[in-house]
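Coordinate inspection notes
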Amino acid sequence: MKTAIKDQFLVSPFLVFFLVHGMQYGVGPLSFQRDIANYVGHDAWIPILISGIIVHLLIWMMYMMLNKDKGDLMTIHQRTFGKWLGNLLSLLIILYVLAESVTVLRSYIEIVQVWMFPLLKTWPFALVLLFSVYYVVSGGFRTVTGVCFLAVVLPAYLILTFFVPIQFSDFRNLLPVFDHSLFDIAKSIKGAVLAFSGFEYGLFYYPFIKQPESSQKWAHLGNLFTTCLYLLIMIVTLGFFDQGYLQKVIWPTLMMWKIIKLPFVERFEIIGVTSWAVVMLPIICLMFWSASRGIKEMFKLKQRNVLAVLLFLCLIVSCILIDRETIEQYNTIVGEIGFWILFAYIPFLFICYHIRFKMRKKI
Amino acid sequence: MKKKIKIAVVLLIIFSSYMFGRVQRQILDDINMPSAVGYDYVDRHTFKATTVRPIYRPDKSVGNRTFIASDELSTQTFSKINQQSSRQVVTGKLEVALYSKEVAKHGIGDLVDSLQRDPSISERLFVAVVDGETNKLLKKKYGDRDTGAYLSMLIEQNMNSGELPTNNLHQFLNAYNSKLKDPFLPLIEQKGENVHLKGIALFKDDHYVKNLRQDQQFIFQALIENIKLGTYKLKLKNKKYAAIENINTKHTYRVVNLKKKPEINVDVKVRGIIKEYTGKKTDEKEIAIIKKQVEKELEKEATAMIRTFQKLKIDPIGFGDQVRSRTRNFRYQQWLDQYPNVLVRVKVNVVILEKGVVD
Amino acid sequence: MWFRKQPAEQQENNLVALINMYKKSGDFVHFHHPQSPLPYWVAYFGTLIDVEILHRDILPYLNKSAFTTLEEIKAALPFEDVLITSDLQQIQDQLLLGSVLIQLDVNDRACILVRAEMKKAREVTIPEEEYSVVGPKEAFVESITTNLNLVRKRLPISELTVKEFTIGTLSKTKVAVLFIEGITNEDNVNTVCQRLNDLQFNQILDSSIIAQLIADNGHSLFPQLIDTERSDRVAGVLAEGSVVILVDGSSHALIGPISVMGLFNAFEDYYVNWQMSSAFRLIRVFAVSFSILVTPIYVAVLTYHYQLIPKDLMVTLVSSRRNIPLPPILEAIILELTIELLREAGARLPSKVGQTIGIVGGIVIGTAAVDAGLTSNVLLIIVALAALASFTTPVYRMGNTIRLLRFPFLLLADLWGLLGIAVAFIFLMIHLLRLTSLGRPYLEPIYPPRFKDLKDSFIRVPFSLQSTRPVFLQTKDPQRFSKQKASEVKDIDE
């Protein structure tokens, strides 16, 4: 067992709700509708429901391991696969985390470039955002959690905006229910699960929670909230767009914001994109916190220095991705890896860990 | 030493974001914000675009200025207009996009693409077809506002008062991109000093095919949406007229025989108040006659209208969607083949709520 | 220091040397009294002591009878804190604080020290910075004894503890730390005492210097300790479990630890009923966000986001800006600076002239600028409203913070429009998240979220529901009063 984390750095268990929900609710909900509707059309809300349930199961598996181990992903890996192999696997996961952070950052900047400032250069904006990430992460896990919390609470008014398009929606579009084969639904789950990714960071921050066992219910509640929110967004989207139109639209959520008109603001999408800067910030922060923390644990380096190097790497990679096509390709690859890590690797680890545990008991 | 590095990094970030992070400014008084754009037909490949932009004078009155350019691509015409303008032309404040009938007949697909692709164009923009040249219509100034604002207020006002089914850019694009539905647009015309609504232009895919007669407009709208506030004028037999106002309608679709050949039954409930009647008295008997007459008239109009739709193979009302949402494993092709022969029955039920303060 | 080193070098008769050295100062009095029954020597700083005390309460007793020892003199003098000492350091300190030194012989090592310092202090007046219409109007003055007296009068309990420190190598300022034993968390008290002990500074002129020196983050714009001149506020927060620092020579007490919500609370809020005070607090929160954001939003929207403007507002905005030669950012910065100039000029001038400057400057410059076509009248209204809103904060320092915060927001709004404002907001949010006050999170009760503490933050619930002390102070006794008794509900007609 490693040295216990000091009490003053721990956070209360109910904040796990915000950590889980805040991590899931990122750039995904701006564009996930199309990937799902590709396969199942007007039934696209079903895969969301199913993936919500699957993710509940994965969270349960995660907590089963963590509660037994009282450590984090690194210690679980080391205990299950031995020091060398375990560290190697942890390193691969951290690499994936870094890759994912690039997708989040670059996707957001792309949205800004398409919807607000076509001439905005990637690197100065990324530099400023990553600097704010450094500012957060160097404040420690409490600050990261605080950003997560505020990023969920402050832009909560955006939820109301999803009700506005209802007056232009035709919910006949959702009928008939269950018009697609199970095979189609299974295919579309892949896109849906990715929108739910983010809960897996519990594997990193578990030791930083007071009475971590009691945080499990908050993790489940967080996921439940995400599921409900996604269902709302999906159902409104399906009512708002005709299937033929939805296939064409890259960011359906932003298109829905375009219809909103307030007495003092004639267009809402710009405010939406702006608010989204606050929504996606904690995701990058927690990703970098997890990555730098993992490397610190394994190689006994100073987290501050590791963080600076990682941020620099992220900056370079996100500047390399220039146009829509490369970003799309990159996102697909990372998404594919992410899907297998979430869907296959966590259960695999779960089984391995328990076999190992049983064996050790016998000896 | 470490502190110095930190300060240097922060300064570098501020400096570089200010030096290299600049984006194009669109300062409010240095841009040219067209509020309406109209497209006229030149030949098969080119069209002529007319834009109107408001001129805000320091005394708070609003003037008009028109620019004309022609090209194959919509954005190219904008850049050509830009060449004429002393200020940068931006599309974010467009309120109305007009197509002349001639352009609409040849297909507006390419022009619509620029409307749906440009993120700065509002989803609440109104699209309309003009009987005649849009250029002529836009050059004139109507009312105290600029032409774009005038037109959008005209259309919006008519949608709110139930003269037109609500149809903004989003709804138009939904129908335009749909496999089952066909879009329709309001048809406007310039007459003397004013612009007036002439009817509804029906499209097949992106081609204009026909316009709806004014007297069919009411039932057309009632079949599409639930009217909240409409009016209907009825000509009775002995040259009497009755005007029903504050109408709200409700439609219920029923589809039978889904498996083989669907049949569609529509019940339309019309509830309204008699506002004007040129007959002598409005007693129970007379009301019953008016009610019957309205029902018959509307049903007749509906059947005739739907027949025309079926002949033209267009579906602006969305019968296809009604059937699709009730059918498992819906086959698009099969439905499209069946459509011209599908039986649609419209049944109207009129309730006269009040008849004013006198009998 | 020069005067301390010399006696250390000359061990012999150092008291004589000390007196001789002090004699260099013109206001030092040293005389011999040969006529009295027993001759004695007296020495004091004429400017530090109250001569009346000397002539009324000291010299008559000395002249009455013949003393042979210092103890006899001590017994005869009608003072309770008469000191007999030969400690040179103590003699030095006491003399400089206003004691009278009495010796039987000039070459004696030992002497008597009688406190007779002149107590000149302002009368207790009404608070100026934190004026309130309702409630007590009693403000601290520059004397720590008077201030302590004001506090003790409101809290006549034995648990009110005062810990004294002397800080400042030159100023030797008396600093008192007040807390209530059994309520206040000891960690908070220890943090304050620790920081005061570690202080290395030569001169403490005011409590605000202490506030800057012991702040958790010295680079932050935000005040991390509230300073107040109201004795009722001090008594109130002491009862809640805060720590209060009083500094001699300063009419402001420091309160800590605080949270950001404390900056929106006027103490007057407790004197009006809860609905009103809640409304006022919400107005203040709105005013502060409005004040920070409205000019940047104007700049952002006019520079980048013309689409956002409703078409009916467009006429007003464009026609008001038609003849303005400057881009919105320069226009805004110039106007903001003008307002700051007016405020600064008003603050430097005597109060009557200051007011005139404010009104004349505001109206004349404003109208003239619009007429000359240098600024748009819309922006003028916005900037004036923003300035007005920044003055609604009950804590004066917070108003300054807000006005300064606007400038980075403005610059970022000019760079990236609304997105720039979001970036600035993100940095502000992170900064507030990282900030602590005496080691306690500053953004409490927002983060860490403590729903119990919301009862006295954005809104103030009635007193009957405030039966517990704020959680963030981590008090030893969280109960303020028995909740059951307060919330007992009687039946109808009972």
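Here the structure is a predicted model, which is why all the values come from computation and not from measurement. (Residues numbered from 1 in each chain as written. Chains lettered and ligands numbered in written order. Predicted model: local features only at pLDDT ≥ 70, side-chain atom pairs only at ≥ 80, totals over all residues. Heavy atoms only, no water.)

For the rest of this paragraph, the subject is the interface of chain C and chain A. Across the boundary between the two partners, chain C contributes 28 residues, which contact 36 residues of chain A. Counting each side, the surface lost to burial between chain C and chain A is near 2,900 Å², with a carbon and sulfur contribution of 79%. At the boundary of chain C with chain A, the tally comes to zero salt bridges. At the boundary of chain C with chain A, the tally comes to seven residue pairs in polar contact (both at pLDDT 80 or more). Looking at which element gives the most residues to the side of chain C that touches chain A, the answer is helix 15 (residues 396–434) of chain C, with 14 residues. Here the side of chain C that touches chain A is composed, by residue class, of 22 nonpolar, four polar and two charged. (Contact = heavy atoms within 4.5 Å. Buried area = accessible area lost by both parts, 1.4 Å probe. Salt bridge = Lys/Arg side-chain N within 4 Å of Asp/Glu carboxyl O. Polar contact = N/O pair within 3.5 Å; in protein donor to acceptor, adjacent residues only side chain to side chain. Helix = DSSP H or I, 4+ residues; strand = E, 2+ residues; numbered from the N terminus. Nonpolar A, V, L, I, M, F, W, Y, C, P; charged D, E, K, R; others polar.)

This part is about the nonpolar core. Counting residues in hydrophobic clusters, the biggest one holds 261 residues, and the most contacted among them are Y108, Y205 and F288 of chain A, Y99 of chain B together with W416 of chain C. If you tally residues by element for this core, the top one is helix 15 of chain C, at 23 residues. Residue contacts for Y108 of chain A: discarding those within four places in its chain leaves V27, F125, L129, V273, T274, W276, A277 and M280 of chain A together with L419 of chain C. The next biggest cluster of nonpolar side chains, apart from the first, holds 65 residues, and it includes V96, F126, Y253 and Y277 of chain B. (Core = buried A, V, L, I, M, F, W, Y, C linked by side-chain atoms within 4.5 Å. Buried < 20%, exposed > 50% of the residue type's maximum accessible area, 1.4 Å probe, protein only.)

Residues and elements named next belong to chain A. Compared with an ideal rise of 1.5 Å per residue, which puts 18 residues at 26 Å, helix 15 (residues 303–320) spans 26 Å between its outermost C-alpha atoms and is within 8% of the ideal. Looking at helix 15, one finds that the buried residues are Q303, V306, L307, L310, L311, C314, L315 and S318. Packing partners of the buried residues in helix 15 comprise helix 5 (83–115), helix 6 (122–137) and helix 14 (269–299). (Expected span 1.5 Å × (residues − 1).)

Before going further, it helps to examine the side chain of Q303 of chain A. Following the sequence through the fold, Q303 of chain A ends up in helix 15. Q303 of chain A sits in the buried class, given a relative accessible area of 18%.

Attention now moves to the sheet that holds strand 5 (residues 111–115) of chain C. Strand pairs in the sheet, formed through backbone hydrogen bonds, run parallel or antiparallel to each other. Residues and elements named next belong to chain C. A sheet is described by the order of its strands in space; here five strands give the open sequence 1-2-4-5-3, paired in antiparallel fashion. Two strands in the sheet have a free side with no partner beyond their single neighbour: strand 1 (28–33) and strand 3 (83–85). Neighbour to neighbour, the strand axes of the sheet diverge by 20° on average, direction disregarded. Direction of pairing for strand 2 (residues 40–45) relative to strand 4 (residues 99–103): antiparallel, over a ladder of three bridges. Paired with A43 across the strands is L101, a residue of strand 4. Those strands touched by helix 5 (residues 88–97) are strand 1, strand 2, strand 3, strand 4 and strand 5, and its axis lies near 30° from that of strand 5. (Pairing = 2+ DSSP bridges. Axes fitted to C-alpha atoms, helices over the stretch in contact; angles between N-to-C directions.)

To continue, consider the interface of chain A and chain B. One frequent convention defines the size of an interface as the accessible area lost when the parts assemble. Each partner contributes residues to the interface: chain A has 36 residues there, and chain B has 37 residues. For the pair chain A and chain B, the two sides together bury roughly 3,200 Å², of which 50% comes from carbon and sulfur. Remark: the boundary between chain A and chain B carries one salt bridge. With its nearest N and O atoms 2.4 Å apart, the salt bridge here joins K93 of chain B to E266 of chain A. Per-element tally for the side of chain A that touches chain B: the top contributor is helix 6 of chain A, with five residues. A per-class count over the side of chain A that touches chain B returns 21 nonpolar, four polar and 11 charged.

Let us now look at the pattern of salt bridges. This model, assessed by the stated rule, comprises 44 salt bridges over all chains. For D321 of chain B, the salt bridge is made with R324 of chain B, and the minimal N-O distance between the two is 3.3 Å. A residue pair is termed a helical-turn pair when its members lie 3 or 4 positions apart in one helix, as D321 of chain B and R324 of chain B do in helix 10 (residues 319–324) at three residues. Overall, the relative accessible area of 7% leaves R324 of chain B in the buried class. The salt bridge involving R343 of chain C is made with E344 of chain C; its shortest N-O contact spans 3.0 Å. For R343 of chain C, a relative accessible area of 21% corresponds to the partly exposed category. Here E344 of chain C falls in the partly exposed class, since its relative accessible area comes to 31%. Through salt bridges that share partners, E340, R343, E344, R348 and R403 of chain C make up one connected network.

Attention now moves to the UniProt feature "domain: Spore germination GerAC-like C-terminal" (unreviewed entry) in chain B. Under the feature "domain: Spore germination GerAC-like C-terminal" (unreviewed entry), the UniProt entry names residues 198–355 of chain B. Structurally, residues 198–355 of chain B comprises 32% helix and 39% strand, and the distance from its first C-alpha atom to its last is 29 Å. (UniProt positions renumbered as here; feature names shortened; annotations may be inferred.)

What follows deals with the environment of R281 of chain C. All names here are of chain C. Relative to the assigned elements, R281 resides in helix 10 (residues 274–303). The exposure class assigned to R281 is buried, which follows from its relative accessible area of 0%. Sequence-wise, R281 and K476 are 195 residues apart; in three dimensions their C-alpha atoms are separated by 28 Å. Apart from residues no more than four positions distant in its own chain, R281 is found in contact with F264, N265, D269, Y270, D456, S457, F458, I459 and R460. A polar contact of 2.8 Å, which involves the side chain of R281, links it to the side chain of D269. Polar contacts involving the side chain of R281 include one to the main-chain carbonyl oxygen of S457, which spans 3.4 Å.

Turning to the sheet that holds strand 9 (residues 243–247) of chain C, a few remarks are in order. Residues and elements named next belong to chain C. In spatial order, the strands read 6-7-9-10-8; together these five strands make up an open sheet with antiparallel pairing. Pairing within the sheet leaves two strands with one partner each, and these edge strands are strand 6 (160–167) and strand 8 (226–228). For this sheet, the mean inter-axis angle between neighbouring strands, taken without regard to orientation, is 25°. Here helix 9 (residues 231–240) sits on the sheet and contacts strand 6, strand 7 (173–180), strand 8, strand 9 and strand 10 (253–256); the angle it forms with strand 7, its principal contact strand, is near 50°.

All names here are of chain B. Entries for chain B in the domain assignment read domain 1 (23–212) and domain 2 (213–359). Taking only C-alpha atoms into account, the centre of domain 1 sits 31 Å from that of domain 2. Taken together, the contact between domain 1 and domain 2 spans 23 residues of the former and 28 residues of the latter. In total, about 2,000 Å² of surface goes out of reach between domain 1 and domain 2, with carbon and sulfur atoms giving 62% of it. The largest share of the area that domain 1 buries against domain 2 comes from L180, K181 and L212, three residues that together contribute 33% of it. Where domain 1 touches domain 2, the interface holds zero salt bridges. Where domain 1 touches domain 2, the interface holds five residue pairs in polar contact (both at pLDDT 80 or more). Breaking the side of domain 1 that touches domain 2 down by element, the ones donating at least two residues are strand 9 (194–204) and strand 10 (207–212). Take the side of domain 1 that touches domain 2: its biggest share by element is seven residues, from strand 9. A breakdown of the residues in the side of domain 1 that touches domain 2 according to their chemical character gives 10 nonpolar, six polar and seven charged. (Domains from an automatic or database assignment.)

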